[in-house]
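Each chain, letter by letter, is given below.
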Amino acid sequence: MSERIHSGAGGTDRARTVLLFVLVAVLILGTGFVQSWNTALVILNMGLVSAIMSLGVNMQWGFAGLFNVGVMGFVALGGLAAVLVGMPPVPEAWAAGGPRIIGALLLSAGVIALAVTLYKRMTPGRLRAFLVFAVVVVGFFVYRGLLDPAKEAVESVDPAATGYLGGLGLPIVLAWPVGGLLAAGAAWVIGKVALGLRSDYLAIATLGIAEIVIAILKNEDWLSRGVKNVIGLPRPVPYEVDLQQDPAFVERAASLGMDPATASSITVKLGYSAFFTVVLVIILIAAQLALNSPWGRMMRAIRDNETAAEAMGKDVTGRHLQIFILGSALLGLAGAMMTTLDGQLTPASYQPLRFTFLIWVMVIVGGSGNNFGAVLGGFLVWWLWVQVEPIGQGVMSLVTAGMAEDSAVRDHLMDSVAHMRLLTMGVVMLLMLRFAPRGLLPER
Amino acid sequence: MDFLNALVALSNFVIVPAVAYGSQLALGALGVTLIYGILRFSNFAHGDTMAFGTMGVILATWWLQGLGVSLGPLPTALLALPAGIAICAALVLATDRVVYRFYRAQRVKPVILVIVSMGVMFVYNGLTRFVIGPGDQSFGDGSRFVISALDFRAMTGLQEGLAIRTSQAITLVTAIVVVAILFWFLNRTRTGKSMRAYSDNEDLALLSGINPERVVLVTWLIVAALATVAGTLYGLDKSFKPFTYFQLLLPIFASAIVGGLGSPVGAIAGGFIIAFSEVTITYAWKKVLGHLLPESLEPDGLVQLLAVDYKFAVSFVILVVVLLIRPTGLFRGKAV
């Protein structure tokens, strides 16, 4: 539709990119001036995380045309990594049942490996079906027999405060790559099963794995404390209280004309921003290099015409698996960063509309196939997501201004402001898909 | 050993709930499979279409209840069904006109339509929450049980009771009626035959003068009816909460794929396979085994294979096994 002639498009493209990023900066700075600098920095930090998530989905969809609807699951795995790496271990719990749990997990991995080997090595037939089935069923019962008592023992160790195995007690920044690895592992399993089939099947398989990851986080208390949440994750930045008690800091804040409380919370948030910006810049550079390398061209060739690429001797399913794993690893990394930023893992807060479909809106608004577009979409859509509520409240107070204070309709409308977000996001997405399907920053 | 009591306990906790749940899934999967067959994409908005239709039924039920109308022992919601279907049909037809038709004319790749349906899902979800809120709504009335556990025990003198809730009985009866009408329509009427022809071979169907827009219109009408009925039955049987309906998407898709996307018979079979697997695997077998085994062998634990929260894992594993072994599904759907 919006086919433009490409003479001199490079210049206008660059101008457009710069202009739109300036717009994002204006929006965030505007939030700082109009609302508060704390709010602005909260938006900025989550915007940075969202941009990385959006880059991950863009890799899968924009580079390779893979449809991942399980973003939430990979993000949550990253969150789990933050707990497993950052939290201190609970020695009593380890003594109660740690080795047995690890043994049970190793056993389950062994059983699955055995079943897969049998399935691959044996000739198809009744005997193979029976043996594979028997291995899985017997293995499952032995696994449960080993895991259940150990799990109970671990979960009964001071359940109000711990009741789980804890983590490794390493610096939390290490959790970020670990989160990427966890997500990559999950992606490998899913990709092995669903890639090479119709695109819809990958979508449904990822939808399923996301629900399962959340179910595990909610129910396996020995691992993640379940719905009791893990709070007080260690931080890569200093605590506000410590800053406020540091006389040098208080003095510097006073010289800038700020009270110590505000100054400390802004400093902490700026610290996160610095960390996240470094990660985002590294990933963005790597993604740009990848996109413009022979590898990136091959990916786009596969995306645009699988049959032709296959005829040229490209291993389509293999390449798809590779990029699916890479994109998911980015999602896991961003998930670990987000949990670090929150300082807690709350499994009940993972909602598919927020963590899967919102990321898709970011990619589509920004421009699939364009890394800068994905980053832009991440910031822009996140800003909108946060601001729709106050804007909606304003609109609704205008609409309901003429109504009586105690009118039921008025109450209902004011209550429904919270749901404006979904509606707005859906409408934004549909409008973009219809009128600018290539996004704000189209692929070159 | 007490075979009779074991059988009654099994029926009470596994067979009756699974039959009801299976019927609900089957109706949902029929909607998904019809859209897949005719419009050729996986509709991610189906769960929220169900929620929207059910919301229509709930609002109509409340209105009827306000007027003092009631069906006696049956829930008033049955009387409100046509209104809900009409509201839902209006919504999906408007969506088709405003959203899907444009892409159909462009003949875009199916995956684009899937993404578009994601946007539609957002909007439906927002609309439903906007009107009725995100919380639980109960709208069942009438008598609660066809047979209560107490009556059953008094009648038979058995130790175990068998309760059949009105909502479960209604689910089965309604599902049978709806499926019978649907199959009669698809196999016997001119419009139904043209729909099947269009699904089998679009070009040939167009050549023989079938009007595609009419086929699409009828499909959406049927889908709206199926979604509303499925959603209402599920809501009567369990409870209505918009988010639960979104989560039904996975078992519904699993049902449709296990049966074979595009195959109506497959959707029904898939619905029951998924429902029975979910219920048997998440059911604690202690009671049934207690009746069946000699006392010395009676199990100590609950003998529950998986916690109820992992029911999604069951649909998922079945889905994966089918994808690995027979990607076209049991009834050879069209997708590979």
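- As recorded in an unreviewed UniProt entry, chain B goes by the name Branched-chain amino acid ABC transporter permease, listed as coming from Rhodosalinus sediminis.
- Checking UniProt for chain B, the heading Subcellular location (unreviewed entry) contains the comment "Cell membrane".
- Its UniProt record gives chain B a comment under Sequence similarities (unreviewed entry), which states: "Belongs to the binding-protein-dependent transport system permease family. LivHM subfamily."

- Per an unreviewed UniProt entry, the recorded name for chain A is Branched-chain amino acid ABC transporter permease, and the organism is Rhodosalinus sediminis.
- Looking at chain A in UniProt, the text filed under Subcellular location (unreviewed entry) is "Cell membrane".

1. Observations regarding the overall build of chain A
Okay, so step 1: A count of helices and strands for chain A gives 18 helices and 2 strands.
Okay, so step 2: The globule rule puts the C-alpha radius of gyration for 444 residues at 22 Å, and the 25 Å found for chain A is close to it.
Okay, so step 3: If you line up chain A on its principal axes, its C-alpha atoms span 75 × 60 × 55 Å.
Okay, so step 4: Per-residue burial over chain A gives 51% buried out of 444 residues.
Okay, so step 5: Contacts in chain A between residues far apart in sequence, at least 24 positions, make up 81% of those at least 6 positions apart.
Okay, so step 6: Of the accessible surface of chain A, which amounts to about 19800 Å², a share of 69% is contributed by carbon and sulfur atoms.
Okay, so step 7: For chain A, the separation between the mean place of its 29 positive charges and that of its 27 negative charges on side chains is 13 Å.

2. Side note on the overall build of chain B
Okay, so step 1: Helix and strand counts for chain B stand at 14 helices and 2 strands.
Okay, so step 2: Taking 336 residues into account, the globule formula puts the C-alpha radius of gyration at 20 Å, and chain B, at 21 Å, falls close to it.
Okay, so step 3: Overall size of chain B, expressed as C-alpha extent along the three principal axes, is 70 × 55 × 35 Å.
Okay, so step 4: Expressed as a percentage of its 336 residues, the buried residues of chain B come to 56%.
Okay, so step 5: On chain B, roughly 13500 Å² of surface is accessible, and the fraction owed to carbon and sulfur atoms is 67%.
Okay, so step 6: Here chain B contributes 23 positively and 17 negatively charged side chains, and the mean placements of these two sets differ by 13 Å.

3. Some thoughts on the UniProt feature "transmembrane region" (unreviewed entry) in chain B
All names here are of chain B.
Okay, so step 1: Under the UniProt annotation, the feature "transmembrane region" (unreviewed entry) is placed at residues 6-39, 51-71, 77-99, 111-132, 162-186, 215-236 and 305-325.
Okay, so step 2: The annotated region residues 6-39 carries 100% helix and 0% strand content, and the separation between its end C-alpha atoms amounts to 47 Å.
Okay, so step 3: Across residues 77-99 one finds 100% helix and 0% strand; the C-alpha atoms that close the span lie 31 Å apart.

4. Details of the packing of aromatic side chains
Okay, so step 1: Applying the stated criterion across every chain yields a total of 23 aromatic pairs over all chains.
Okay, so step 2: Seen from their ring centres, Trp-176 of chain A and Phe-275 of chain A are 6.1 Å apart, and the 80 degrees between their planes marks the pair as edge-to-face. Taken together, the residues Trp-176 of chain A in helix 6 (residues 175-194) and Phe-275 of chain A in helix 11 (residues 260-292) connect sequence positions 99 residues apart.
Okay, so step 3: According to the relative accessible area criterion, Trp-176 of chain A is buried, its value standing at 3%.
Okay, so step 4: Between the aromatic rings of Phe-240 of chain B and Tyr-245 of chain B, the centroid separation amounts to 5.2 Å while the plane-to-plane angle is 55 degrees, which identifies the pairing as tilted.
Okay, so step 5: When its relative accessible area of 0% is taken as the criterion, Tyr-245 of chain B is described as buried.
Okay, so step 6: Aromatic rings pair up to connect Trp-61, Phe-67 and Trp-360 of chain A together with Phe-44 and Phe-253 of chain B into one cluster.
Okay, so step 7: A cation over an aromatic ring shows up here: Arg-128 of chain A above the ring of Tyr-119 of chain A, its NZ or CZ 3.9 Å from the ring centre.
Okay, so step 8: The ring of Phe-102 of chain B is capped by Arg-434 of chain A, whose NZ or CZ atom sits 3.9 Å from the centre of that ring.

5. With respect to the confidence of the model for chain A
Okay, so step 1: In this model, chain A carries an average pLDDT of 89, and 98% of its residues clear a pLDDT of 70 or more.
Okay, so step 2: Note that pLDDT drops below 50 for residues 1-8 of chain A; the model gives that stretch 7 contacts with residues more than four away or on any other chain.

6. Let's talk about helix 9 (residues 212-237) of chain B
Okay, so step 1: For helix 9 of chain B, spanning 26 residues, the distance from its first C-alpha to its last is 37 Å, which sits close to the expected 38 Å at 1.5 Å a residue.
Okay, so step 2: Most of helix 9 of chain B is tucked away: 20 of the 26 residues are buried.

7. Details of the domain arrangement of chain A
Residues and elements named next belong to chain A.
Okay, so step 1: As far as domains go, chain A holds domain 1 (33-88 + 169-351) and domain 2 (90-165).
Okay, so step 2: Computed from C-alpha atoms alone, the centre-to-centre distance between domain 1 and domain 2 is 29 Å.
Okay, so step 3: Contact residues are listed per partner, giving 10 residues for domain 1 and 13 residues for domain 2.
Okay, so step 4: Carbon and sulfur atoms make up 53% of the area that domain 1 and domain 2 hide from each other, which totals about 880 Å².
Okay, so step 5: Put simply, domain 1 and domain 2 have 1 salt bridge between them.
Okay, so step 6: Here Lys-151 ties to Glu-220 by a salt bridge, and the two come within 3.5 Å at their closest N and O atoms.
Okay, so step 7: In terms of residues, the side of domain 1 that touches domain 2 owes the most to one element, helix 8 (residues 221-224), which gives 3 residues.
Okay, so step 8: Looking at side-chain class alone, the side of domain 1 that touches domain 2 contains 6 nonpolar, no polar and 4 charged residues.

8. A short note on the interface of chain A and chain B
The extent of an interface is frequently quoted as the accessible surface area lost upon association of the parts.
Okay, so step 1: Contact residues are listed per partner, giving 51 residues for chain A and 54 residues for chain B.
Okay, so step 2: Carbon and sulfur atoms supply 77% of the area that chain A and chain B bury against each other, a total of about 4600 Å² over both sides.
Okay, so step 3: The interface formed by chain A and chain B contains 9 residue pairs in polar contact (both at pLDDT 80 or more).
Okay, so step 4: When residues of the side of chain A that touches chain B are traced back to their parent elements, those giving at least two are helix 5 (126-155), helix 6, helix 7 (199-219), helix 15 (352-366), helix 17 (408-415) and helix 18 (420-435) of chain A.

9. A word on the nonpolar core
Generally speaking, nonpolar side chains in soluble globular proteins are found buried as a group.
Okay, so step 1: Residues Phe-67, Tyr-350 and Trp-360 of chain A together with Leu-27, Phe-44 and Met-195 of chain B are the most contacted members of the largest nonpolar core, which totals 224 residues.
Okay, so step 2: In terms of residue count, helix 9 of chain B provides more of this core than any other element does, 14 residues in total.
Okay, so step 3: With sequence-adjacent residues up to four places away left out, Met-195 of chain B is seen in contact with Leu-34, Ile-38, Phe-185, Leu-186, Val-215, Val-218, Thr-219 and Ile-222 of chain B.

10. Notes on the pattern of salt bridges
All names here are of chain B.
Okay, so step 1: This structure, assessed with the given rule, holds 13 salt bridges over all chains.
Okay, so step 2: Between Glu-202 and Arg-107 there is a salt bridge; the shortest N-O distance is 3.3 Å. Taken together, the positions of Glu-202 in helix 8 (residues 202-207) and Arg-107 in the loop between helix 3 (77-106) and helix 4 (110-132) put the pair 95 residues apart, joining distant regions of the chain.
Okay, so step 3: Here Glu-202 falls in the buried class, since its relative accessible area comes to 19%.
Okay, so step 4: Taken together, the salt bridges that share partners define one network made up of Asp-96, Arg-101, Arg-104 and Glu-213.

11. Quick word on a positive patch on the surface
Residue and element names in this part refer to chain B.
Okay, so step 1: Side chains of Arg-188, Arg-190, Lys-193 and Arg-196 sit close together on the surface and give a patch of like positive charge.
Okay, so step 2: No other element matches the 3 residues that helix 7 (residues 190-200) contributes to the positive patch.
Okay, so step 3: Structurally, Lys-193 is set in helix 7.
Okay, so step 4: Given the relative accessible area of 43%, Lys-193 is considered partly exposed.

12. So, unusual backbone geometry
Okay, so step 1: Of note in this structure, Arg-225 of chain A is not a glycine but carries a positive phi near 65 degrees.
Okay, so step 2: Position of Arg-225 of chain A relative to the elements: it lies in the loop between helix 8 and strand 1 (230-231).
Okay, so step 3: Assessed through its relative accessible area of 6%, Arg-225 of chain A is described here as buried.
Okay, so step 4: Despite not being glycine, Arg-40 of chain B has its phi angle at roughly 65 degrees, a positive value.
Okay, so step 5: You can see Arg-40 of chain B is positioned in the loop between helix 1 (3-39) and helix 2 (46-67).

Quick notes on the rules
Residues numbered from 1 in each chain as written. Chains lettered and ligands numbered in written order. Predicted model: local features only at pLDDT ≥ 70, side-chain atom pairs only at ≥ 80, totals over all residues. Heavy atoms only, no water. UniProt positions renumbered as here; feature names shortened; annotations may be inferred. Helix = DSSP H or I, 4+ residues; strand = E, 2+ residues; numbered from the N terminus. Rg over C-alpha atoms; globule rule 2.2 N^0.38 Å. Buried < 20%, exposed > 50% of the residue type's maximum accessible area, 1.4 Å probe, protein only. Contact = heavy atoms within 4.5 Å. Areas by Shrake-Rupley, 256 points an atom, 1.4 Å probe, with all protein chains shown as cover. Lys, Arg positive; Asp, Glu negative; His and termini not counted. Charge placed at Lys NZ, Arg CZ, Asp CG, Glu CD. Phe/Tyr/Trp six-rings, centres within 6.5 Å; stacked < 30°, edge-to-face > 60°. Lys NZ or Arg CZ within 6 Å of the ring centre and 35° of its normal. pLDDT = per-residue confidence, 0-100. Expected span 1.5 Å × (residues − 1). Domains from an automatic or database assignment. Buried area = accessible area lost by both parts, 1.4 Å probe. Salt bridge = Lys/Arg side-chain N within 4 Å of Asp/Glu carboxyl O. Nonpolar A, V, L, I, M, F, W, Y, C, P; charged D, E, K, R; others polar. Polar contact = N/O pair within 3.5 Å; in protein donor to acceptor, adjacent residues only side chain to side chain. Core = buried A, V, L, I, M, F, W, Y, C linked by side-chain atoms within 4.5 Å. Patch = residues over 30% accessible without salt bridge, like charges linked within 9 Å, V, L, I, M, F, W, Y side chains within 5 Å.

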